[in-house]
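A structural walkthrough
What follows is the residue order along each chain.
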Amino acid sequence: MIINRQLTRLSLAGALIALSLMACARSQPEAAGVDIRRTSFGVPHIRADDERGLGYGIGYAYAQDNLCLMANEIVTVNGERSRYFGPDQLTLEERPNLASDVFFNWLNTPEAVAGFWKTQTPQVRDLVDGYVAGYNRSLAERQAQGLPAQCQGDWVRPIAAEDLVKITRRLLVEGGVGQFAEALAGATPPAAVAALATPAQSFQVAAERQQRFALDRGSNAVAIGSERSFNGRGMLLANPHFPWIGGMRFYQMHLTIPGKLDVMGAALPGLPMINIGFNQHLAWTHTVDSSKHFTLYRLQLDPKDSTRYLLDGKSLPLDKQTLTVNVKQPDGQIKPMSHVVYSSAFGPVVQWPGKLDWDNKFAYSLRDANLENDRVLQQWYSMNKATSLKELQASVHKIQGIPWVNTLAADDKGQTLYMNLSVVPNVNAEKLAKCSDPRAGLQMIVLDGSNSECAWDIDPTAAQKGIYAADKLPQLLRNDYVQHSNDSAWLANPAQPLTGFSPLISQDSQPLGLRSRFALDRLASLSKAGPVAAADLQRMVMDDQVYQATQVMPDLLQFCSAGLGADAAALAPVCASLKAWDGRANLDSGLGLMHFHNVMRALQQSPDIWRVAFDPKDPQHTPHGLAFERPEVATAIRQAMQASLDLTTKMGLKPDSHWGDIQVVSSGGQQTSIHGGPGTLGIYNAIQSVPRADGKLEVVSGTSYLQVVTFDEKGPQAQGLLAFSLSSDPASKYSRDQTQAFSKKQLSVLPFTEQQIKADPQYQVQTIRESDEKAGKVAKQ
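On a predicted model such as this, the values are computed, not experimentally measured, just so you know. (Residues numbered from 1 in each chain as written. Predicted model: local features only at pLDDT ≥ 70, side-chain atom pairs only at ≥ 80, totals over all residues. Heavy atoms only, no water.)

Here's the deal with the domain arrangement of the protein
The condition that has to hold: Each domain's limits were defined by an automated method or a database of domain assignments. By the convention used here, residues are in contact when the closest approach between their heavy atoms is within 4.5 Å. Buried area is understood as the total, over both parts, of accessible area removed when two parts are fitted together, assessed with a 1.4 Å probe. Note on definitions: salt bridges are taken to be side-chain nitrogens of Lys or Arg within 4 Å of carboxyl oxygens of Asp or Glu. We define a polar contact as two N or O atoms separated by no more than 3.5 Å, with the added condition that, inside protein, one atom must be a possible hydrogen donor and the other a possible acceptor, whereas residues neighbouring each other in sequence contribute only through side-chain atom pairs. Residue type decides the class: Asp, Glu, Lys and Arg count as charged, Ala, Val, Leu, Ile, Met, Phe, Trp, Tyr, Cys and Pro as nonpolar, and the leftover types, Gly among them, as polar.
Domain annotation of the protein identifies domain 1 (216-288 + 376-423 + 468-539), domain 2 (549-656) and domain 3 (670-767). On a C-alpha basis, the centroid separation for the pair domain 1 and domain 2 is 34 Å. Residue-level contacts link 9 residues of domain 1 with 9 residues of domain 2. Between domain 1 and domain 2, the buried area comes to about 690 Å², and carbon and sulfur atoms account for 58% of it. Counting across the domain 1 and domain 2 interface gives 0 salt bridges. Across the domain 1-domain 2 interface, the total number found is 5 residue pairs in polar contact (both at pLDDT 80 or more). Considered class by class, the residues forming the side of domain 1 that touches domain 2 number 6 nonpolar, 2 polar and 1 charged.

Have a look at this one:
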């Protein structure tokens, strides 16, 4: 039943009478109803009496808005893409279907899925079971009406709890072995004929994907405490940068079990709880951390057999796991294909040509700490229910289920909290020095796989064998502020640096990212101006300031006026665009932004471009300035300018082109101009876009769910939006509305109280009962 404000009083009365008669006619008491109340932009406020009912409402509402997205993800995590779409097509992550299927068949074995499910609490099981039933009901209704064009086929099917477990396990390994899917699927002994040949291009794409991980799934966060807040209570800016498509696309919702749960925010597909959000007393968010969540092990192979390795001097066989993938043939037939995955005591063997080679001497195993993290759903549900910052912190300490992100929070008492309490391998600096080759650096940890003493240490106080206990990880409780933008934990607040941790946890005295430097600079400016207001936090994102321009533009413009020499005439258009540019990434910002991006991206490849090099004693302000007086730097700048001019000409851009003409997102054949830009330039509103054939840039990730939360005596006061809108179905009226609001920089009130929800001009309510669905099935038999 859907009731909206357009119903006349007469029709509403008639509907209520009919419902009353139906209720009287029932011989058996029916299950309590689940209310799905939608407000502006279609945001669902789901209210139920228990977890089963809440999950039912979540699954039903999610399928209404994102049925095809979920169906596609279900095929992916079950390793069935080759069966339905053929082995050579690519996933949304540009991974060959066959490599994807081998990986997910390895990851989501029946034993692993059953083991994960067995450890879940009754409340989490009820949420998941309810979600499954609600999703399947919505699917059945859509099938009766006709499925959307993008998901018509026999690959769209009802789901089971196991499917949601598989989606959750996929999420867990995003920061680890999930980045090595091609390397796992393609690992083959040197003497064997590869059954699955992974193209070199796939590894190049995988390498680019690894480099973009923190950008595509990066985030900004600022929590303001009582000493800096306009009203002495906590404030939170949540600005996660996540993909705009696929299995990491956030969904906005409000969940209520009266007397037990009342939380609003955003969640990833398939999760019946809030990942980032707020409740009556606190607000929290996450940022992708810089901690290591896996280590590689270099195996010393038995000279007589490259499928055996030496551990403490003993020759051991690699375990063999035969996986079967059903593959659609060109003639439409389905044939099984077998592939063997090899594993050592440290994990599966991965092979990355030119980087992690499997030859007659060495091979490499990967151990991912999150493969054993079966606590993640319980963790987020406990956070959803927390009534204080202390309770939230205690839940993370006890459960340790956060996979690969930091947590920042603020409460209505004016406290702020930073926690780098994710799942990190227990390898201290001493063990790292003993067991790794220092020439490999710290970007990717490679330990000695021939020595059992190089295994991860076990702390009996940790929630899982082989990871650090919570009290050994960085955390900070303050009343002024904490902030984070994907750097280490070092300078969450420079007044209290976090130092002395294992390099796997956090590395200090390293250059800060430009978004972190921007945040610290802006917070310092706000401190001088007075108390921080909600509008100040909004402007940190919506100002679209290009922080790097403040560091180098004076030098670039001086170089333009004095350093071009014989290239002055040829490069005059670039210099004119740079001079006219406003230093921002607004829709009306000129072509200078494009040139600035191109030039700085090229210069980053040149060493020693900075006039003032990085100084760990002044990390907030160094490096800065371009040393264009050095001949090699001057040459690099001229070459970068010429390359940028050639590129913009090829793209068909004109001197009067604006950023809003260039960067867009497409949906249902329509385009929306998007402000913001590369986070590598220090743009807080980080937006990742890729070139299109028509010369435009298509947005693929960046600012996603945006919320600014303050508190008063009545509770939370929140504004925000979901930048890519609620629905991934181009035919939905909720597929572009919030995107257009984002384009116009219009944040909206997030209705949280009953008064706010019912006063919303787009308010409508749909009440569903699982018993009605069951009764309908019986009637059809």
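Focus: the packing of aromatic side chains
Quick reminder of the rule: Only rings of Phe, Tyr and Trp enter the pairing, Trp through its six-membered ring, and a pair is recorded when the two centres are within 6.5 Å. The plane angle decides the type: under 30 degrees is stacked, over 60 is edge-to-face, the rest tilted. A helix here means a DSSP run of H or I that spans at least four residues, while a strand means a run of E at least two residues long, and both kinds are numbered starting from the N terminus. Categorising residues by exposure relies on relative accessible area from a 1.4 Å probe, with only protein chains included: less than 20% of the type maximum marks a residue as buried, more than 50% marks it as exposed, and the intermediate range marks it as partly exposed. Whether a charge sits over a ring comes down to the Lys NZ or Arg CZ being within 6 Å of the ring centre and within 35 degrees of the ring normal.
The final tally for this structure, using the stated rule, is 17 aromatic pairs. When the ring of Y297 is compared with that of F346, the centres are 4.0 Å apart and the planes differ by 15°; the resulting orientation is stacked. With a gap of 49 residues between them, Y297 in strand β10 (residues 294-302) and F346 in the loop between β14 (334-344) and β15 (347-350) connect regions that are remote in the sequence. Judged by its relative accessible area of 0%, Y297 is buried. Its relative accessible area of 7% is what places F346 among the buried residues. One aromatic cluster is present, built from ring pairs that chain together Y84, F85 and W155. Here the basic side chain of K355 rests over the ring of W352, its NZ or CZ set 4.1 Å away from the ring centre.

What about the pairing of β10?
Which entries qualify depends on this criterion: A pair of strands is labelled paired if DSSP reports no fewer than 2 bridges between them.
Summarising burial for β10: 7 of the 9 residues are buried, a large majority. Two elements, β10 and strand β19 (residues 446-448), share 3 bridges in a ladder whose sense is parallel. Its bridge partner lying in β19, L296 is registered against V446. Sheet analysis places β10 next to strand β11 (residues 305-311), joined by 3 bridges and oriented antiparallel. Counted as the bridge partner of L301 is Y309 from β11.

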